[in-house]
Amino acid sequence: MKRLAVALVVLVLFCTTAAAGTMLEAGGGFTYCVNELTPLTGNYWECRGTVVNETPEDYGTAYFNVHVYNANGQERKVFMITLEEIDAGTAVPFRTTFQEPVNALYCEMEFLLAK
C-alpha cells in the first residue's frame, strides 16, 4: 500500500510539474494547460486545467477532445469536453472526470469546433 501511495504522489507531481505553466497548442487559436491529473477512487481520474481563447472572436461554445496516455505513451482513451462562454483573450478553467483502469500519465487536448 505504501508503494502505491508513493507511486500516486509521484504521478501527480510529474503531471502537475510537467505541464504546469506550459501552454500547449490545441489548434483553432486555442491553447491549453493541464494543471493536474489526479487519481480518484477506483478507476476514476480527474483532469483540471485551463483553455485560453487566443482568437479575436467570442464563442458561446467550444468542443475539445481530451487524449489520455499511459507511461508508455500509448493512447488509452479519448473523450470530448464542452466549454461555454469563451471570450476572446480569456482563460476558461475546466475540470473533468473520466474512468481509466491503468495509470494515466498525461493528457493532451485537441480543438474540434467553436460556435
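In the block above lies the structure referred to throughout.
Here goes a summary of the coordinates provided. (Residues numbered from 1 in each chain as written. Predicted model: local features only at pLDDT ≥ 70, side-chain atom pairs only at ≥ 80, totals over all residues. Heavy atoms only, no water.)

**Brief notes about the sheet that holds strand β2 (residues 30-39)**
For sheets, the rule is that strands pair by backbone hydrogen bonds, running either parallel or antiparallel. The following threshold applies: Pairing between two strands requires that DSSP report at least two bridges joining them. Here a helix means four or more residues in a row that DSSP labels H or I, a strand means two or more in a row labelled E, and each is numbered from the N terminus. All axes here are fitted lines through C-alpha atoms, helices being fitted over the stretch that makes contact, and every angle between N-to-C directions spans 0 to 180 degrees.
With respect to topology, four strands assemble into an open sheet ordered β1-β2-β3-β6, the strand pairing being antiparallel. Every interior strand has two partners, whereas the edge strands, β1 (24-27) and β6 (91-99), have only one. Across the sheet, the axes of successive neighbouring strands diverge by a mean angle of 35 degrees, strand direction being ignored. Bridge analysis of strand β3 (residues 44-53) against β6 gives nine bridges, and the strand direction is antiparallel. Within the sheet, the bridge partner assigned to tryptophan 45 lies in β6 and is phenylalanine 98.

**Topic: the side chain of glutamate 100**
In plain terms, the rule: Throughout this description, a polar contact denotes any pair of N or O atoms lying within 3.5 Å of each other; where both atoms belong to protein, one of them has to be capable of donating a hydrogen while the other can accept it, and for residues adjacent in sequence the pair is counted only when both atoms sit in side chains. Two residues form a contact once any of their heavy atoms are found within 4.5 Å.
Tracing the backbone shows glutamate 100 in the loop between β6 and β7 (106-114). A distance of 3.1 Å separates polar atoms of two side chains, one belonging to glutamate 100 and the other to arginine 76. Not counting the four nearest positions on each side in its chain, glutamate 100 is found in contact with Asn43, Trp45, Arg76 and Lys77.

**A few points about the nonpolar core**
Operational definition: Joining through side-chain atoms within 4.5 Å is the link that ties buried Ala, Val, Leu, Ile, Met, Phe, Trp, Tyr and Cys residues into a set, and such a set is a nonpolar core. Note on exposure labels: buried denotes an accessible area under 20% of the residue type's maximum, exposed denotes more than 50%, and partly exposed covers the range between, all computed with a 1.4 Å probe on protein chains only.
In this structure, Phe30, Val51, Phe64, Ile81, Phe94, Phe98 and Met109 are the most contacted members of the largest nonpolar core, which totals 24 residues. Mapped onto this core, the elements with two or more residues apiece are β2, β3, β4 (59-69), β5 (75-86), β6 and β7. Top element by residues in this core is β4. It accounts for five residues. Ignoring anything within four residues of it in the chain, the contact list for phenylalanine 94 reads Cys33, Val34, Cys47, Arg48, Gly49, Thr50, Val51, Ile81, Leu83 and Met109.

**Digging into unusual backbone geometry**
Of note, glutamate 85 is a non-glycine position whose phi angle comes to about 55 degrees, a positive value. Examined against the element boundaries, glutamate 85 turns out to sit in strand β5.

**A look at the pattern of salt bridges**
What counts here: What makes a salt bridge here is a side-chain nitrogen of Lys or Arg within 4 Å of a carboxyl oxygen of Asp or Glu, nothing more.
Under the definition given, this model contains three salt bridges. The salt bridge involving glutamate 46 is made with arginine 48; its shortest N-O contact spans 2.8 Å. A salt bridge links arginine 76 to glutamate 100, with the shortest nitrogen-to-oxygen separation between them at 3.1 Å. Of this pair, arginine 76 sits in strand β5 while glutamate 100 sits in the loop between β6 and β7, and the two are 24 residues apart along the sequence.

**A closer look at the pairing of β2**
Most of β2 is tucked away, with seven of its ten residues classed as buried. What sits between β1 and β2 in their antiparallel hairpin is a turn of two residues, with glycine 28 showing a positive phi close to 65 degrees. As judged from the nine bridges shared by β2 and β3, these two strands associate in the antiparallel manner. When the bridges of β3 are listed, cysteine 33 appears paired with threonine 50. Linkage of β2 to β3, two consecutive antiparallel strands, is achieved through a turn of four residues, within which glycine 42 is found at a positive phi near 60 degrees.

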